[in-house]
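Next come the chains, spelled out residue by residue.
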Amino acid sequence: MRTSPRTRPARLALAAVATLAVTTAASTAVTVPAAAGAGSGGHGHRHGHGHGHGHGHGHANPSEVRFATFNASLNRNAAGQLVADLSTTGNAQAARAAETIQRTDPDVVLVNEFDFVEDGVAAELFRDNYLAVGQNGAAPVDYPYYYVAPSNTGVPSGFDLNNNGVVGGGDDAFGFGVFPGQYGMVVYSKYPIATDEVRTFQEFLWKDMPGAVLPDDATTPEPADWYSEEELDVFRLSSKSHWDVPIEVPGRKPVHFLVSHPTPPTFDGTEDRNGRRNHDEIRFWADYVAGGKRASYIYDDEGGTGGLGRGQDFVVAGDQNADPFDGDSYDDAILQLLDHPRVRDPHPTSAGAVEAATRDGGANLTHTGPAAEDTADFADGAPGNLRADYVLPSKRLAVRDSAVYWPTSADPLFPRLVGTFPFPVSDHRLVWVDVRTGRAHRR
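Predicted, not measured: the structure shown is a model, and the values here were computed from it.

**Q** Could you give an account of the overall build of the protein chain, with specific residues and numbers?
**A** Counting its secondary structure elements, the protein chain contains 9 helices and 11 strands. Going through the 443 residues of the protein chain one by one, you find that 59% of them count as buried. Carbon together with sulfur atoms contributes 54% to the accessible area of the protein chain, which is approximately 16,600 Å² in total.

**Q** Any details on empty space enclosed by the protein? Residues and values, ideally.
**A** The gaps left among the atoms become clear once a water-sized probe is rolled over them. The computed volume of the largest cavity comes to approximately 50 Å³. Taken together, Phe70, Thr100, Tyr405, Leu417, Val418, Val425, Ser426, His428, Arg429 and Leu430 make up the full set of residues lining the largest cavity.

**Q** Which residues make up the pairing of strand 4 (residues 185-189), and what are the values?
**A** Counting buried residues in strand 4 gives 5 out of 5 residues, a clear majority hidden from the surface. Residues Met185, Val187 and Ser189 of strand 4 are buried on one face, and the alternating residues Val186 and Tyr188, pointing to the opposite face, are buried as well. Two strands pair when backbone bridges link them, and strand 2 (residues 108-114) and strand 4 are joined in this way by 5 bridges, in the antiparallel orientation. From the neighbouring strand, Asn112 faces strand 4, where its bridge partner is Met185. Strand direction decides the pairing type here: strand 3 (residues 145-148) and strand 4, joined by 4 bridges, are antiparallel. Paired with Tyr145 across the two strands is Ser189, which belongs to strand 4.

**Q** Report on the environment of Pro246, specifying residues and quantitative values.
**A** Examined against the element boundaries, Pro246 turns out to sit in strand 6 (residues 243-247). On the basis of relative accessibility, which here comes to 2%, the residue Pro246 falls in the buried class. Ignoring anything within four residues of it in the chain, the contact list for Pro246 reads Pro192, Ile193, Ala194, Glu197, Val198, Pro254, Val255 and His256.

**Q** Please give an account of the confidence of the model for the protein chain that cites residues and values.
**A** Summary statistics for the protein chain give a mean pLDDT of 88 and a share of 85% for residues scoring 70 or more. Mean pLDDT across the secondary structure elements of the protein chain bottoms out at helix 1 (residues 8-25), with 46, and peaks at strand 9 (residues 389-393), with 99. Below pLDDT 50 for its whole length, residues 1-10 participates in 19 contacts with residues either more than four positions away or in separate chains. In this model residues 23-60 is a low-confidence stretch, pLDDT under 50, and it forms 101 contacts with partners more than four residues away in sequence or in other chains.

**Q** Which residues make up the layout of surface pockets, and what values go with them?
**A** Put simply, the largest pocket is a space of about 880 Å³. Tallying contributions element by element places helix 6 (residues 273-290) first for the lining of the largest pocket, with 3 residues. Considered class by class, the residues forming the lining of the largest pocket number 15 nonpolar, 14 polar and 10 charged.

**Q** Could you give an account of the packing of aromatic side chains, naming the residues involved and the relevant values?
**A** All told, the structure shown has 20 aromatic pairs when counted by the stated rule. Between the aromatic rings of Trp285 and Tyr288, the centroid separation amounts to 5.2 Å while the plane-to-plane angle is 70°, which identifies the pairing as edge-to-face. You can see Trp285 and its partner Tyr288 sitting in helix 6, 3 residues apart, about one turn around the helix. Look at Tyr288 and you get buried, because its relative accessible area is 1%. The structure contains a cluster of three or more aromatic residues connected by ring pairs, namely Phe201, Phe204, Phe284, Trp285, Tyr288, Tyr297 and Tyr299. One Lys or Arg, Arg429, reaches over the ring of Trp406 and ends 4.7 Å from the middle of that ring. Sitting over the ring of Phe423, Arg429 keeps its end group 5.3 Å from the ring centre.

**Q** Residue-level account of the sheet that holds strand 9, with values.
**A** The strand order across the open sheet built from 5 strands is 5-6-7-8-9, with neighbouring strands paired in mixed fashion. Only two strands of the sheet have a single neighbouring strand rather than two, namely strand 5 (199-200) and strand 9. Two strands pair when backbone bridges link them, and strand 7 (residues 255-259) and strand 8 (residues 314-319) are joined in this way by 4 bridges, in the parallel orientation. Within strand 8, the position partnered with Phe257 by the bridge is Val315.

**Q** Talk me through the pairing of strand 1 (residues 64-74); I want residue IDs and the actual numbers.
**A** The element strand 1 is extensively covered by neighbouring structure, given that 11 of its 11 residues are classed as buried. Pairing analysis gives 6 bridges linking strand 1 to strand 11 (residues 431-436), with the strands arranged antiparallel. Bridge assignment links Arg66 to a residue of strand 11, and that residue is Asp434. In this structure, strand 1 lies alongside strand 2, joined through 6 bridges in parallel fashion. From the neighbouring strand, Phe67 faces strand 2, where its bridge partner is Val108.

Calculation notes
Residues numbered from 1 in each chain as written. Predicted model: local features only at pLDDT ≥ 70, side-chain atom pairs only at ≥ 80, totals over all residues. Heavy atoms only, no water. Helix = DSSP H or I, 4+ residues; strand = E, 2+ residues; numbered from the N terminus. Buried < 20%, exposed > 50% of the residue type's maximum accessible area, 1.4 Å probe, protein only. Areas by Shrake-Rupley, 256 points an atom, 1.4 Å probe, with all protein chains shown as cover. 1 Å grid on protein atoms, 1.4 Å probe; cavity = no way out; pocket = protein on both sides within 12 Å on 5 of 7 lines; lining within 4 Å. Points joined across faces, edges and corners; volume = space filled by probe spheres on them. Pairing = 2+ DSSP bridges. Contact = heavy atoms within 4.5 Å. pLDDT = per-residue confidence, 0-100. Nonpolar A, V, L, I, M, F, W, Y, C, P; charged D, E, K, R; others polar. Phe/Tyr/Trp six-rings, centres within 6.5 Å; stacked < 30°, edge-to-face > 60°. Lys NZ or Arg CZ within 6 Å of the ring centre and 35° of its normal.

Shown next, in the form of C-alpha cells:
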C-alpha cells in the first residue's frame, strides 16, 4: 500500500493556497416518473422514464455540469421511520436537507445516509415532497431521474464478525446497521441515467481483492486471521455498496458517477478492521478507474468483470470517511484517489469551515491539514473537523468551480442549514464541483 512522504509537501502547499483564497473571499418544477425501486436480486438496476430539464445555477453551456455529494443524515433508527417522515411535507430536517440541495442546485447529486426502501418509495417521497417544493424561498429543484439500490448495512451475516462471542446486531451485519438498508444512499439527476449500463458491487468479496489489507488477530500466530475462512467466504468489501451510475450528459459519452460510502475507520480495536476496510473500499475505486490489469480482479453483481476503459470519464463521489492529513485513516487511505494519475482533486473550500475550526478548538488546533477544506464537523476532542466528503472528476474533465457549502455564522442561513451541535441537518456539508464535460465528437 502507498505511503505519502512524496506527496505531503505538495499537498500542504496547495492547502496553503486554498486557505488564502478562502480567507480573502470570505466576506414550480414538473416532476416526471423516475426510476423504480430495487429488484429482488439485489443488483438494483432501474429503468427510469422522463426528460431532464433545468440548470438553475446559470450554466449557459449545456456541457458544464454540477456534481455534488451530501451526507444528509436522513437515516432513521427503525425501518419505516424515514418513509413516515417523508410522507408529509412537515419534517424539519428533511426540509432543511432539501433546501441545502436547492440552494446549491446540483445537476447530479449523491445523498449518503438515506435509508434504502424497496421500490424507491423513500427516494420518490423526498424528491416529490421536499426537493420539488421550494423551501424557505429557495427555488424547487426537479430531478426526473434517480437511482437507488440495496445496501449491505443491517444485512445479517450469520457470523460473529466483531469476535465478541455473540452472533447478531449491527456489528455482525455485512455493514453496520440495525436494519437492512439503514445508512443507504440515492443518486438524483437532471440528466437521464443509462440504467442498462449501471454496475453495482454490493456482493464483491473482500478476500477477492489482491493484496487486501485484511485485519489480524494479534492473539494468534497466523497472519490476517481476524475473520475465519468461513467468514471471508461471505464477507463483502463494501460496507454499503459501490455503484457505477452512468449519467447521459447531452452531446457526449456518459460520465460514470462512481459512488460509495466507506465505513468509518473507527469503532473497532487494535486489529483496525474498520480502518483497513475503509482503505480497501477506497482502493476499489482507485483500481476501477485505473482499468486494465489493475482492475481485472473486479466483478460486479451481474458477473461482469474489469474496470473503466481509458476513454471513459468519471466522477468519484461520496463520504469517504478519510482525511488526507488528519483523523484515523489506515495508511493514508484517501491518497489512493487524491494522488491517482487519472483523478483530479479540485480542493473545494469554504469560509465556514475555517471559522468552525477556530470556534470548535480541541483537536482542530493540532491538525496539519487545511481547515478550509474540511467537510464534516466532528467531535471537538477527537477527531475534530475533517475533510471526509469528495467529488473527484477524471483528469479529462476540466473543473470550472468548486466549493463546500459551509456558510459562516454571519450568514442568515447558518442557523437553519448548518448550525452547531446538535446540528439542524447533518454533521457533514454538501460538496459540489462544476466540470466542463465537452462534447464527445471533440474528444
